[in-house]
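# Fold and contact review
What follows is each chain in one-letter form.
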Amino acid sequence: EDVIFKVHLKSFVEQQGLVGYDPNLDVLLVTEGKLRSVAELQQAVLQCMVSNPAVLPASHFPGIGSHCSIVHVVSCEEEFQQQQLDLLWRILDPGAHTALQKHLVCGPVKVTNPSSPIGADQYFQLRKRQMYKASVMKYGELAQDEAWTEVIDTLTVAAIRFEMLSTAHRSQITLDLEDSSISTKGTKSGAFVMYNCARLATLFNTYQQAVERGTYPPLPPASELNFSCLREEGEWLLLFNYLLPFPEVLQQAAQLPSPSKGIRITANTETVCKFLIQLSMDFSSYYNRVHVLGEPFPHLFDQMFARLRLLGAVRDVFHSALATLHLPPLSQI
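The residue numbers shown here count from 1 along each chain, following its written sequence. Local features in this predicted model are restricted to residues whose pLDDT is 70 or higher, and side-chain atom pairs enter the listing and the counts only when it is 80 or higher, whereas totals over whole chains, interfaces and linings include all residues. Excluded from the side-chain calculation are hydrogens and water; included are all heavy atoms of the structure.

On to the overall build of the protein, then. Only DSSP runs of H or I covering at least 4 residues are called helices, and only runs of E covering at least 2 are called strands; the numbering of each starts at the N terminus. What the protein contains, in helices and strands, is 11 helices and 6 strands. The rule is simple: take the accessible area with a 1.4 Å probe, protein chains only, and divide by the maximum for that residue type; under 20% is buried, over 50% is exposed, in between is partly exposed. Considering the protein as a whole, with its 333 residues, one finds that 39% of them fall into the buried category. Counting contacts in the protein only where the partners sit at least 6 residues apart, residues at least 24 apart contribute 76% of the total. Residue burial considers only the protein chains on display, and all accessible areas are found by Shrake-Rupley using a 1.4 Å probe. Surface exposure of the protein reaches about 18400 Å², of which carbon and sulfur atoms provide 53%. The contact rule is simple, with two residues in contact once any of their heavy atoms fall within 4.5 Å.

This is the structure in structure tokens:
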């Protein structure tokens with residue numbers, strides 16, 4: 001492409017006192033392609049404003065707010081080029097939004113024994129076929145029903161997101177494309193987390209149906225319950241290891257740090273993934289041992305109600321943690 005003009009990035013970085021940029025950044029030859037990329041970024045910010053009317057208006061760029069933060073998610077191989085584009089945008093449009101630019105740098109993604117180059121679409125379809133096969137092996141003909149299409153899609157997305165987000169974004173990810181790498185049984189997978197989330201939904205649906213039949217009374221308010229009935233070690237483990245620490249887990253993992261010196265930021269998605277996997281393992285162990293919905297005898301209701309309240313909080317934690325990964329909870333499997 002023809003060079004339209006030149007900009008001296010190194011002198012601009014020094015004049016502005018910017019921190020964290022590659023010291024090898026020097027003269028940038030600005031082409032039509034680079035200007036097109038800047039225009040696309042500006043358009044994305046405008047769309048952010050349209051979808052978020054609460055953003056406050058900023059200085060000279062009408063409609064763009066100082067609360068509109070830009071995060072460039074970029075591979076380690078393209079970080080240098082993205083820094084060039086970042087600085088060019090700052091020079092051409094010195095507004096509040098360009099001053100808030102941050103970079104989330106991701107490590108390389110390697111594939112073991114690929115038969116041919118594979119893109120994102122092919123990768124998703126491959127994992128979907130593998131999840132379908134694994135589901136048929138576990139659930140038989142039931143998994144071949146049309147109603148399972150949405151379930152298979154959700155399980156596939158969960159498997160992929162846990163596969164990628166369970167590793168720190170700065171580290172290399174190695175993808176194993178063999179059929180054996182996707183399973184509905186493994187305790188380290190997104191499918192396992194979704195399965196246990198669905199077990200909770202089934203539990204509360206079963207209880208509600210029993211209430212409607214008159215088998216059980218409705219669940220009383222928490223203030224009226226006797227939580228001293230919770231004597232199982234697994235119940236206190238769920239409380240102290242997951243319910244109480246969960247806000248801190250979110251604070252550490254789900255929020256990007258406030259603007260600071262330097263341009264790199266970290267998003268600890270692996271913390272949420274590991275939290276959900278460990279929660280699923282401990283909940284599954286507890287649920288396999290304990291009968292939450294017991295015989296409909298009044299002297300057993302106090303313990304059943306206390307357990308339902310506890311597991312209702314566990315369900316809320318599942319849903320909130322999955323939401324940070326943009327995963328919907330499954331209501332049944």
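Only C-alpha atoms enter the line fits that serve as axes; for helices the fit covers just the stretch in contact. Angles between N-to-C directions range over 0 to 180 degrees. Relative orientation of the contacting elements helix H9 (residues 246–253) and helix H10 (residues 269–289) amounts to 150 degrees, with a least axis distance of 8 Å. With respect to H10, the axis of H9 lies roughly antiparallel. The hand of the H9/H10 crossing is left-handed. When H9 is examined against H10, the residues Phe246, Val249 and Ala253 are found in contact with a partner set consisting of Thr271, Val272 and Phe275. Among the residues making up the contact of H9 with H10, the classes are represented as 5 nonpolar, 1 polar and no charged. Put simply, angles under 35 degrees are roughly parallel, angles over 145 are roughly antiparallel, angles from 65 to 115 are roughly perpendicular, and the rest are oblique. Working rule for handedness: look at the near helix, and if it is turned counterclockwise from the far one by less than a right angle, call the crossing left-handed; if clockwise, right-handed. Residue classes follow a fixed rule: Ala, Val, Leu, Ile, Met, Phe, Trp, Tyr, Cys and Pro count as nonpolar, while Asp, Glu, Lys and Arg count as charged, and any other residue, Gly among them, counts as polar.

Let us now look at helix H3 (residues 79–92). Taking 1.5 Å as the rise per residue, H3 with 14 residues should run 20 Å; its terminal C-alpha atoms sit 20 Å apart, in good agreement. In terms of burial, H3 is largely enclosed, as 10 of its 14 residues are buried. Taken together, the buried positions of H3 are occupied by Glu79, Gln82, Gln83, Gln84, Leu85, Asp86, Leu87, Leu88, Trp89 and Arg90. Multiplying one less than the number of residues by 1.5 Å gives the expected span of a helix.

A word on the pairing of strand S6 (residues 173–176). Here S6 shows a clear split, with Ile173 and Leu175 buried on one side and none of Thr174 and Asp176 buried on the other. Following DSSP output, two strands are said to pair if at least two bridges run between them. Sheet topology places strand S5 (residues 109–112) next to S6; 4 bridges connect them, and they run parallel. In the strand pairing of S6, Thr112 is matched with Asp176.

Among buried residues, the Ala, Val, Leu, Ile, Met, Phe, Trp, Tyr and Cys ones that are joined through side-chain atoms within 4.5 Å form a nonpolar core. Phe162, Leu238, Leu276 and Leu311 are the most contacted members of the largest nonpolar core, which totals 54 residues. Going through the elements one at a time, helix H6 (148–165), helix H7 (190–213), helix H8 (233–243), H9, H10 and helix H11 (298–324) are the ones with two or more residues in this core. Examining the composition of this core, we find that 12 residues originate from one element, H11, more than from any other. Beyond its immediate stretch of four places on either side in the chain, Phe162 contacts Gly190, Val193, Cys273, Leu276, Ile277, Leu322, Leu325 and Leu327. Residues Leu9, Val13, Leu87 and Leu88 belong to the second largest nonpolar core, which totals 17 residues.

By secondary structure assignment, the location of Thr98 is in helix H4 (residues 96–99). Residue Thr98 is classed as buried on the basis of its relative accessible area of 2%. A polar side-chain atom of Thr98 sits 2.9 Å from the main-chain carbonyl oxygen of Asp93. Side-chain atoms alone can form a polar contact between residues adjacent in sequence; in general such a contact is a pair of N or O atoms within 3.5 Å, and within protein one must be able to donate a hydrogen while the other accepts it. Polar side-chain contacts of Thr98 include one of 2.9 Å to the backbone oxygen of Gly95. The residues contacting Thr98, other than those within four sequence positions of it, are Trp89, Arg90 and Asp93.

Turning our attention to unusual backbone geometry. Backbone geometry at His326 places phi at a positive 60 degrees, although glycine is not the residue there. One can find His326 in the segment after H11. We classify His326 as exposed; its relative accessible area is 65%.

Close approach of charged atoms lets side chains of opposite charge pair. The rule for a salt bridge is simple: a side-chain nitrogen of Lys or Arg has to be within 4 Å of a carboxyl oxygen of Asp or Glu. Following the criterion strictly, the structure yields 7 salt bridges and no others. The salt bridge involving Arg289 is made with Glu232; its shortest N-O contact spans 3.7 Å. Linking Arg289 in helix H10 with Glu232 in the loop between H7 and H8, this pair joins segments that are 57 residues apart in sequence. Between Glu235 and Arg307 there is a salt bridge, and its shortest N-O distance comes to 2.8 Å. Separated by 72 residues along the polypeptide, Glu235 in helix H8 and Arg307 in helix H11 bring together distant segments of the chain. For Glu235, a relative accessible area of 1% translates into the label buried.

On the surface, a cluster of nonpolar side chains totalling about 230 Å² of accessible area is made up of Val3, Val27 and Leu29. Structurally, the position occupied by Val3 is in strand S1 (residues 3–8). Here, patches come from residues exposed beyond 30% relative accessible area and free of salt bridges, joined within 9 Å for like charges and within 5 Å for nonpolar side chains (Val, Leu, Ile, Met, Phe, Trp, Tyr).

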